[in-house]
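Next come the chains, spelled out residue by residue.
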Amino acid sequence: MTDFIPDVSFVIAAYNAEETLERAIDSALAQGAVSMEVIVVDDCSTDRTREIAGNHPDPRVRLVAMARNGGPGAARNAGLDAARGRWVAVLDSDDALRPDRMARLIARAEKAEAQIAVDNLDVIREDVGTTLPMFPEAMLARMPTLTLAKFIASNMIFQSEHNFGYMKPVFDRAFIEKHRLRFDETLRIGEDYIFLASALARGGTCVVEPMVGYLYYIRDGSISRVLKKEHVEAMLAADSRFFAEHPFGAAALAAQRRRTRNLKEVIAFLKLVDSIKERELQTMLKIACLNPRAVRHLSMPIFARFRRLAASLRSGRQVTPTSQLTSPLPNMGAGPHSNKG
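Here the structure is a predicted model, which means the values were calculated and not measured.

**Student:** What's the story with the overall build of the protein chain in this structure? I'm lost.
**Tutor:** A tally of regular secondary structure across the protein chain gives 13 helices and nine strands. Split into buried and exposed, the 341 residues of the protein chain put 54% on the buried side. For the protein chain, the computed accessible surface area is about 15600 Å², with 52% contributed by carbon and sulfur atoms.

**Student:** I would appreciate a short explanation of the environment of valine 88 in the present structure.
**Tutor:** With respect to the element layout, valine 88 can be found in strand 4 (residues 87-90). With 80 residues separating them along the chain, valine 88 and valine 8 place their C-alpha atoms 5.5 Å apart. Sequence-distant contacts of valine 88, defined by excluding residues within four places in its chain, comprise Ser9, Val11, Leu80, Ala83, Pro169, Val170, Phe171 and Arg173.

**Student:** Could you clarify how one ought to interpret the environment of alanine 109 in this entry?
**Tutor:** Residue placement: alanine 109 occurs in helix 4 (residues 101-111). The class for alanine 109 is buried, based on a relative accessible area of 0%. Sequence spacing of alanine 109 and phenylalanine 171 is 62 residues, and the spatial spacing of their C-alpha atoms is 9.4 Å. If we skip the residues at most four places from it in the chain, alanine 109 touches Trp87, Ala114, Ala117 and Val207.

**Student:** Teacher, can you tell me more about the pattern of salt bridges here?
**Tutor:** Any two side chains of opposite charge can pair, given that their charged atoms come close. Scanning the model with the defined rule gives 22 salt bridges in all. Residues arginine 98 and aspartate 122 are paired through a salt bridge, measuring 2.9 Å at the closest nitrogen-oxygen approach. Of this pair, arginine 98 sits in the loop between strand 5 (96-97) and helix 4 while aspartate 122 sits in strand 6 (residues 116-125), and the two are 24 residues apart along the sequence. Relative accessible area serves as the criterion here: at 34%, arginine 98 is assigned to the partly exposed category. We note a salt bridge from aspartate 239 to arginine 259, for which the minimum N-O separation is 2.6 Å. Pair noted here: aspartate 239 is in helix 9 (residues 229-245) and arginine 259 is in helix 10 (residues 250-277), with a separation of 20 residues, a long-range link.

**Student:** When you look at the packing of helix 3 (residues 71-82) against helix 8 (residues 191-201) in this model, what are you seeing that I'm missing?
**Tutor:** A pair of packed helices is characterised by two quantities: the angle between their axes and the separation of those axes. Running from amino to carboxyl end, helix 3 crosses helix 8 at an angle of 45°, the nearest separation of the two axes being 10 Å. As summarised for this structure, helix 3 and helix 8 are arranged oblique, according to the angle between their axes. In contact with Pro72, Gly73, Arg76 and Leu80 of helix 3, helix 8 contributes Glu191, Asp192 and Phe195. Classifying every residue of the contact of helix 3 with helix 8 by side-chain character gives three nonpolar, one polar and three charged.

**Student:** Would you take a moment to explain the nonpolar core for this structure?
**Tutor:** As a rule of thumb, soluble globular proteins bury nonpolar side chains together. Within the largest apolar cluster, 83 residues are counted, with the highest numbers of intra-cluster contacts made by Phe10, Leu21, Val38 and Val40. Considering every element that reaches this core, the biggest residue donor is helix 8, with eight residues. Two domains each provide a minimum of three residues to this core, namely domain 1 (8-225) and domain 2 (238-309). When residues no more than four places from it in sequence are discounted, the contact partners of valine 38 are Phe10, Ile12, Ile25, Ala28, Leu29, Arg60, Val61 and Arg62. Judged by nonpolar contacts, the second largest core, of 13 residues, contains Phe158, Leu263, Ile267 and Phe269.

**Student:** Where do I start with the pairing of strand 7 (residues 130-133) in this structure?
**Tutor:** Here strand 6 runs beside strand 7; their pairing, made up of four bridges, is antiparallel. Note on strand 7: the bridge partner recorded for aspartate 122 is proline 133.

**Student:** Can you help me understand helix 4 in this one?
**Tutor:** Within an α-helix, residues lying three or four positions from one another point in the same direction, as the helix has 3.6 residues per turn. For helix 4, the full list of buried residues reads Arg101, Met102, Arg104, Leu105, Ile106 and Ala109. Residues of helix 4 that are buried in the fold lie against strand 1 (8-14), strand 4, strand 5, strand 6, strand 8 (170-172) and strand 9 (206-218).

**Student:** Can you walk me through the packing of aromatic side chains in this structure?
**Tutor:** Each aromatic ring pair is specified by the distance between its two centres and by the angle formed by the two planes. Throughout the structure, instances matching the rule amount to eight aromatic pairs. Here phenylalanine 158 and phenylalanine 269 contribute two aromatic rings whose centre-to-centre distance is 5.2 Å and whose plane-to-plane angle is 85°, an arrangement assigned as edge-to-face. You can see phenylalanine 158 sitting in the loop between helix 6 (148-154) and strand 8 and its partner phenylalanine 269 sitting in helix 10, a full 111 residues away along the chain. Take phenylalanine 158: its relative accessible area is 13%, and that puts it in the buried class. Look at tyrosine 166 and tyrosine 216: their rings are 5.6 Å apart centre to centre, the planes differ by 75°, and that puts the pair in the edge-to-face class.

**Student:** Explain the side chain of glutamine 31 to me, please; I cannot follow it from the model alone.
**Tutor:** If you trace the backbone, glutamine 31 turns up in the loop between helix 1 (21-29) and strand 2 (36-42). You can call glutamine 31 buried: its relative accessible area is 5%. Reaching out from glutamine 31, the side chain makes a polar contact with the backbone nitrogen of methionine 102 at a distance of 2.9 Å. Aside from chain neighbours lying at most four places away, what touches glutamine 31 is Phe10, Met36, Leu97, Arg98, Pro99, Asp100, Arg101 and Met102.

**Student:** Before we go on, may I ask you to explain the pairing of strand 9 in this structure?
**Tutor:** In terms of burial, strand 9 is a largely internal element, 12 of the 13 residues being buried. The pairing of strand 5 with strand 9 spans two bridges and is classified as antiparallel. The residue bridging alanine 96 from the neighbouring strand is leucine 215, located in strand 9.

Thresholds applied
Residues numbered from 1 in each chain as written. Predicted model: local features only at pLDDT ≥ 70, side-chain atom pairs only at ≥ 80, totals over all residues. Heavy atoms only, no water. Helix = DSSP H or I, 4+ residues; strand = E, 2+ residues; numbered from the N terminus. Buried < 20%, exposed > 50% of the residue type's maximum accessible area, 1.4 Å probe, protein only. Areas by Shrake-Rupley, 256 points an atom, 1.4 Å probe, with all protein chains shown as cover. Contact = heavy atoms within 4.5 Å. Salt bridge = Lys/Arg side-chain N within 4 Å of Asp/Glu carboxyl O. Axes fitted to C-alpha atoms, helices over the stretch in contact; angles between N-to-C directions. Parallel < 35°, antiparallel > 145°, perpendicular 65-115°, else oblique. Nonpolar A, V, L, I, M, F, W, Y, C, P; charged D, E, K, R; others polar. Core = buried A, V, L, I, M, F, W, Y, C linked by side-chain atoms within 4.5 Å. Domains from an automatic or database assignment. Pairing = 2+ DSSP bridges. Phe/Tyr/Trp six-rings, centres within 6.5 Å; stacked < 30°, edge-to-face > 60°. Polar contact = N/O pair within 3.5 Å; in protein donor to acceptor, adjacent residues only side chain to side chain.

Take it as geometry only, folks, not as evidence of what the structure does.
Written as structure tokens, this is what we have:
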């Protein structure tokens, strides 16, 4: 094995990603002014993902084949274990990078002696053909560093379309190894949130690059974000472990308490939606009375159906079939709460 240490190791966790994987790999290989390796971790795909990565003509591309499907956290951990670069960058298998991204991020981080760097993203809606920056550049320019308190406060479900959890951090690998940081493999959603929050809580300095470097693709079929109660319950449990394992300053503690309330609200909201679908009027009313803040998350179509359903159950009239009571949930934002990879 060579002793060469590249500037950056790209970790791409991939599952059934044959349609977009080559674009992601090529964008990593196209990075200017840095040396790199690209580690593709195939999480037991059933399509050509493993073949594309394993047969790539560029020797800088390495395949790590998982023995069993472990989810995004397990796949990324396998990539971290294989990484040799000074810096580690996670790249989703359906996204891409601008060619100057890594040089800019590494230069900014090293100048500030920081261990983490994040940047702006372009949101590319392939279904409608639009490309827009996720955050105003001027807003990020006023925020030279991302603190733990700011990061936690931004990550509230249903409260904004975009939050800082969408950002794709670049980490100093020596810092990751020193603090034994790894993704929580029990989480199918939110593992990247806990990872960055843990790095910040361990004293990592995170610099912010206002310019766009990451290309975040939303494809047909990836727009609908189905949030399940068990996902949020797992996030709440992971937050509890995170809170117990790390020190918190006053601002971060206040933000964490708000996030805990937010997650509990969302769980109540999802229970409310389930009771609406099952036409359980007493359960609906009980949840609504005990958790009035959860009711506000109901979108207008669901709320209208809720009122019609309650009225029909009181009067004994024919009610709408359960299958017609479903309606899209309010936009929850992806970022730390959904996984496109």
